[in-house]
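Observations on the three-dimensional arrangement
These are the residues of each chain, in order.
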Amino acid sequence: MNGSELFEIWAPAGSVWSPWAKPALFADQALLDAAAGPSAEASPPAPFSSPASDTALVLDLPGEKSVELALLLARGGYRPVPLFNTTHHPAALVDVRPVLRGLASGAAALAEAYLSPQAPPAFLLDANRNTASGPAAPGRYDNRWVVFPQDFPSANFLLAQGIRHVTLLQEWRQGEQPRPDLAHVLRRWQEAGLGIHLQDPDLDQPPLTLDVRRPSSFRSLFYRALTLAGLRRNSAGGFGGIIPQPSSSGG
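An account of the accompanying structure is given in this report. This structure is a prediction, so every number in the text was calculated from the model and none was measured. (Residues numbered from 1 in each chain as written. Predicted model: local features only at pLDDT ≥ 70, side-chain atom pairs only at ≥ 80, totals over all residues. Heavy atoms only, no water.)

**Describing the overall build of the protein**
Within the protein, the secondary structure is distributed over seven helices and eight strands. Expressed as a percentage of its 251 residues, the buried residues of the protein come to 49%. Of the roughly 11,800 Å² that the protein leaves accessible, carbon and sulfur atoms contribute 51%. (Helix = DSSP H or I, 4+ residues; strand = E, 2+ residues; numbered from the N terminus. Buried < 20%, exposed > 50% of the residue type's maximum accessible area, 1.4 Å probe, protein only. Areas by Shrake-Rupley, 256 points an atom, 1.4 Å probe, with all protein chains shown as cover.)

So, in structure tokens, the structure goes:
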């Protein structure tokens, strides 16, 4: 199975959410070196055993865990939407190989879930997307990435699809506020009238109502440019680029 075929499984043409799935990571042939998929005995966590048609999920978990949980959620009726907007390289600052393996090994199980085109979405992120595994030195591949409001459906689109609530799934050790880039998304949804909730999928606790604080530079015309200034875009799409050697000049 090549990357295009794999992307079609994760972002089928009939799903209303597929236009937001990111194809960049699916272009890597490392997808073919997949590990075994999750156990067929696995079932979604109890709070998500059946989808709430008016609730979208945002999984901001370590990448591999985000994919694993998404496959369980698919068994319960949620449509996983991968938003991993980065690329792979042997010298990468962010190791995306576990995400690649998960996307590839879980494809068969996802295809067998036979999800409705209108199934509520579960948007997948990597909580480590902007965390480097080492120094950003020349020669390293800087594939750190962030999300912007344009990477998600607008509040109006969500409301038109019957979505009235959004539950953010993240580990409690991250705290009770979303990461700064995601806060720009959730705050917009909140201001448009969507109810925002927070839950740790590892804990048997009901979701908390989340009041997303206004992030720095919210709705600023310069926010996107300022955020991208420290990152590298890839010509094939997504984020990723070699850090060049510093230029030198002689007198």
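**A few points about the pairing of strand E3 (residues 121-126)**
It is a general feature of regular strands that their side chains alternate between the two faces of the sheet. Within E3, six of the six residues are buried, leaving the element largely enclosed by the surrounding structure. As defined by bridge partners, strand E1 (residues 55-61) adjoins E3 across five bridges and the pair is classed as parallel. Bridge assignment links Leu59 to a residue of E3, and that residue is Leu124. As paired strands, strand E2 (residues 79-82) and E3 are joined by four bridges and run parallel to one another. Each bridged residue has a counterpart across the sheet, and for Pro82 the counterpart in E3 is Leu124. (Pairing = 2+ DSSP bridges.)

**Some details on the side chain of Lys22**
Position of Lys22 among the secondary structure elements: in the loop between helix H1 (3-10) and E1. Within polar-contact distance, the side chain of Lys22 engages the side chain of Asp151 at 2.9 Å. Sequence-distant contacts of Lys22, defined by excluding residues within four places in its chain, comprise Phe7, Pro82, Leu83, Phe84, Asn85 and Asp151. (Polar contact = N/O pair within 3.5 Å; in protein donor to acceptor, adjacent residues only side chain to side chain. Contact = heavy atoms within 4.5 Å.)

**Here we look at the nonpolar core**
Ranked by size, the top nonpolar core spans 61 residues in total, and within it Trp10, Leu59, Phe152 and Trp189 carry the most contacts. When residues of this core are assigned to their parent elements, the largest contribution, six residues, is made by helix H2 (residues 63-76). (Core = buried A, V, L, I, M, F, W, Y, C linked by side-chain atoms within 4.5 Å.)

**Here we look at the pairing of E1**
Most of E1 sits inside the fold, with seven of its seven residues counted as buried. Residue alternation in E1 divides its side chains into two sets, Thr55, Leu57, Leu59 and Leu61 and Ala56, Val58 and Asp60, and both sets are buried.

**Things to note about H2**
The periodicity of an α-helix, 3.6 residues per turn, causes residues three or four positions apart to be oriented the same way. Between its first and last C-alpha, H2 extends 20 Å over 14 residues, near the 20 Å set by a 1.5 Å rise per residue. With 10 of 14 residues buried, H2 lies mostly within the body of the structure. For H2, the full list of buried residues reads Gly63, Ser66, Val67, Leu69, Ala70, Leu71, Leu72, Leu73, Ala74 and Gly76. (Expected span 1.5 Å × (residues − 1).)

**Section: the pattern of salt bridges**
One side chain can pair with another of opposite charge once the charged atoms of both are near each other. Taken as a whole, this structure holds 11 salt bridges when the rule is applied. A salt bridge links Asp202 to Lys65; the nearest nitrogen and oxygen atoms lie 2.3 Å apart. Separated by 137 residues along the polypeptide, Asp202 in the loop between strand E6 (195-199) and strand E7 (208-209) and Lys65 in helix H2 bring together distant segments of the chain. Accessibility expressed as a relative area gives 21% for Lys65, which makes it partly exposed. (Salt bridge = Lys/Arg side-chain N within 4 Å of Asp/Glu carboxyl O.)

**Things to note about the sheet that holds E6**
One open sheet holds the six strands; their spatial order is E2-E3-E1-E5-E6-E7, and the pairing between them is mixed. In this open sheet, the two strands that pair with only one neighbour each are E2 and E7. Relative to E6, strand E5 (residues 165-169) runs parallel, the two sharing five bridges. From the neighbouring strand, Thr167 faces E6, where its bridge partner is His197.

**Topic: unusual backbone geometry**
Non-glycine residue Ser217 carries a positive phi angle of around 65°. If you trace the backbone, Ser217 turns up in the loop between E7 and helix H7 (223-228).

**Quick notes on the environment of Asp151**
Along the chain, Asp151 turns up in the loop between strand E4 (141-142) and helix H5 (155-160). Note on Asp151: relative accessible area 11%, which makes it buried. Not counting chain neighbours up to four residues away, the residues in contact with Asp151 comprise Trp20, Lys22, Leu83 and Val146.

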